[in-house]
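Here's the letter readout for the chains.
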Amino acid sequence: MYSTELSTAEVAIAERRGAWVTVVLSGPDGFEATCTTDATAPWFRKGMIGSIGNPSNATALPARGIVATQLGTGTIADKPISIASGRVGTDVVAVSYTSAANEEVLATVAKGQFAFWLPGNEMQNASNQGLPVNVTYTNGTTETQLLNF
């Protein structure tokens with residue numbers, strides 16, 4: 001179904017954090033494909049969560065903009081994982097999230113995309129309520145933005 005888009009997409013993010021691996025592909029006209037899996041799971045327990053397509057919020061972002069295309073909690077092999085990923089404007093160089101345990105979770109920001117994830121169901125209601133993230137810009141200033149769809 002998305003063979004044409006996938007053939008022209010490029011890897012924006014490919015990263016392993018602990019057991020979890022996330023890959024984000026991006027292409028023309030806002031196309032994205034995101035996949036997260038547990039790399040340590042036995043073969044018969046492997047699974048993945050992700051999305052593919054042209055998000056409805058794929059309009060041009062302002063230079064300091066950030067928008068989620070995935071935001072919430074999923075489960076792989078009975079293990080919950082909270083994930084946020086999406087697009088960033090040209091002035092965004094870093095994104096971080098302060099977890100409920102007061103730990104800073106740094107997103108990977110590359111090629112106009114961002115992604116971060118952490119174990120557990122902490123972001124279970126984020127798609128409805130939004131999620132505050134700290135955004136750093138090319139000039140070194142930072143501000144908190146509410147990440148949502």
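Before any of the text, the structure's been laid out above.
What you are looking at is a predicted structure, and each value in this text was computed from that prediction instead of being measured. (Residues numbered from 1 in each chain as written. Predicted model: local features only at pLDDT ≥ 70, side-chain atom pairs only at ≥ 80, totals over all residues. Heavy atoms only, no water.)

## Re the overall build of the protein
- A count of helices and strands for the protein gives two helices and twelve strands.
- Ordered by position in the sequence, the α and β elements of the protein form the string α-β-β-β-β-β-β-β-β-β-β-α-β-β.
- In summary, the protein has a C-alpha radius of gyration of 15 Å against a globular reference of 15 Å for 149 residues, a match within 12%.
- Each of the three principal axes of the protein carries a C-alpha extent, and together these read 45 × 40 × 25 Å.
- Considering the protein as a whole, with its 149 residues, one finds that 40% of them fall into the buried category.
- For the protein, restricting intrachain contacts to residue pairs at least 6 apart in sequence, the fraction spanning at least 24 positions comes to 52%.
- Of the roughly 7700 Å² of accessible surface on the protein, a fraction of 52% belongs to carbon and sulfur atoms. (Helix = DSSP H or I, 4+ residues; strand = E, 2+ residues; numbered from the N terminus. Rg over C-alpha atoms; globule rule 2.2 N^0.38 Å. Buried < 20%, exposed > 50% of the residue type's maximum accessible area, 1.4 Å probe, protein only. Contact = heavy atoms within 4.5 Å. Areas by Shrake-Rupley, 256 points an atom, 1.4 Å probe, with all protein chains shown as cover.)

## Some remarks on the pairing of strand 1 (residues 10-17)
- Sheet topology places strand 1 next to strand 2 (residues 20-26); seven bridges connect them, and they run antiparallel. By the bridge assignment for strand 2, E15 is matched with T22. (Pairing = 2+ DSSP bridges.)

## Details of the environment of G130
- Structurally, G130 is set in the loop between helix 2 (126-129) and strand 11 (131-137).
- For G130, a relative accessible area of 12% puts it in the buried group.
- The residues contacting G130, other than those within four sequence positions of it, are L146, L147 and N148.

## Things to note about the sheet that holds strand 8 (residues 104-106)
- With respect to topology, four strands assemble into an open sheet ordered 8-7-11-12, the strand pairing being antiparallel. In the strand order of this sheet, the two ends are held by strand 8 and strand 12 (142-147), each with one partner. This sheet shows a mean twist of 35° between the axes of neighbouring strands, independent of strand direction.
- Across three bridges, strand 7 (residues 92-98) lies against strand 8 in antiparallel orientation. Bridging across to strand 8, Y97 finds its partner in V105. (Axes fitted to C-alpha atoms, helices over the stretch in contact; angles between N-to-C directions.)

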